[in-house]
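Summary of the model geometry
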Amino acid sequence: MDKIDSLKQVVIDTLDQNKALDIISIDLKDKSSMADYMIIASGTSSRHIQALSEQVLEKFKSNGLSDSRIEGKESLEWKLVDGIDLIVHIFHPEKRKFYELEKMWSELIPKEKVMI
């Protein structure tokens, strides 16, 4: 298991231990050059979403990803934690349903159509 796969599991375990809901991981290796994996989870409230994003950021930093940061700091319904090769979205359940990132990124995309 390489470093990014290990970190992905650490993040999933952290989200699970802190009661995030509906955690999924999407392999982006053959779909996009922006990251290797995307993890999507839901929080139960704006405070829960904020706490989860801060815990994920701490895991990234303690694993050597000092350039990691949280996007969406002003939003109460969504946070993105950028871990370079591992992107973590944490949504309020209604926002998650609206954006349907799982559906969009889980579909197979022919390599010749990959633009990102």
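Above: the structure in question.
In this report, the structure presented in the accompanying data block is examined. (Residues numbered from 1 in each chain as written. Predicted model: local features only at pLDDT ≥ 70, side-chain atom pairs only at ≥ 80, totals over all residues. Heavy atoms only, no water.)

**Structural notes on the overall build of the chain**
Along the chain, the regular secondary structure elements total 4 helices and 5 strands. Per-residue burial over the chain gives 38% buried out of 116 residues. At a minimum sequence separation of 6, the contacts of the chain that also span at least 24 residues come to 57%. Here the chain displays about 7,100 Å² of accessible surface, and carbon together with sulfur accounts for 51% of that area. (Helix = DSSP H or I, 4+ residues; strand = E, 2+ residues; numbered from the N terminus. Buried < 20%, exposed > 50% of the residue type's maximum accessible area, 1.4 Å probe, protein only. Contact = heavy atoms within 4.5 Å. Areas by Shrake-Rupley, 256 points an atom, 1.4 Å probe, with all protein chains shown as cover.)

**Quick notes on the environment of Gln9**
Tracing the backbone through its elements, the reader meets Gln9 in helix H1 (residues 3-17). We classify Gln9 as partly exposed; its relative accessible area is 36%. Counting along the chain gives 16 residues from Gln9 to Ser25, while the straight-line C-alpha distance between them is 9.6 Å.

**Re the packing of aromatic side chains**
Aromatic rings in a pair are described by how distant their centres are and how their planes are angled relative to each other. In this structure the tally under the stated criterion is 0 aromatic pairs. Directly above the ring of Tyr37 sits Lys8, whose terminal nitrogen or CZ lies 4.4 Å from the centroid. Over the face of the ring belonging to Phe98 we find Lys95, whose NZ or CZ atom lies 5.9 Å from the ring centre. (Phe/Tyr/Trp six-rings, centres within 6.5 Å; stacked < 30°, edge-to-face > 60°. Lys NZ or Arg CZ within 6 Å of the ring centre and 35° of its normal.)

**What to know about the pairing of strand E5 (residues 86-91)**
With 6 of 6 residues buried, E5 lies mostly within the body of the structure. Burial along E5 is two-sided: Leu86, Val88 and Ile90 and Ile87, His89 and Phe91, pointing in opposite directions, are all buried. Relative to E5, strand E2 (residues 37-42) is paired through 6 bridges, and the arrangement is parallel. Paired with Ile39 across the bridge in E5 is Val88. Both strand E4 (residues 78-82) and E5 contribute to a ladder of 5 bridges, which runs antiparallel. Note on E5: the bridge partner recorded for Asp82 is Ile87. Connecting the antiparallel pair E4 and E5 is a turn made up of 3 residues, with Ile84 showing a positive phi of about 65°. (Pairing = 2+ DSSP bridges.)

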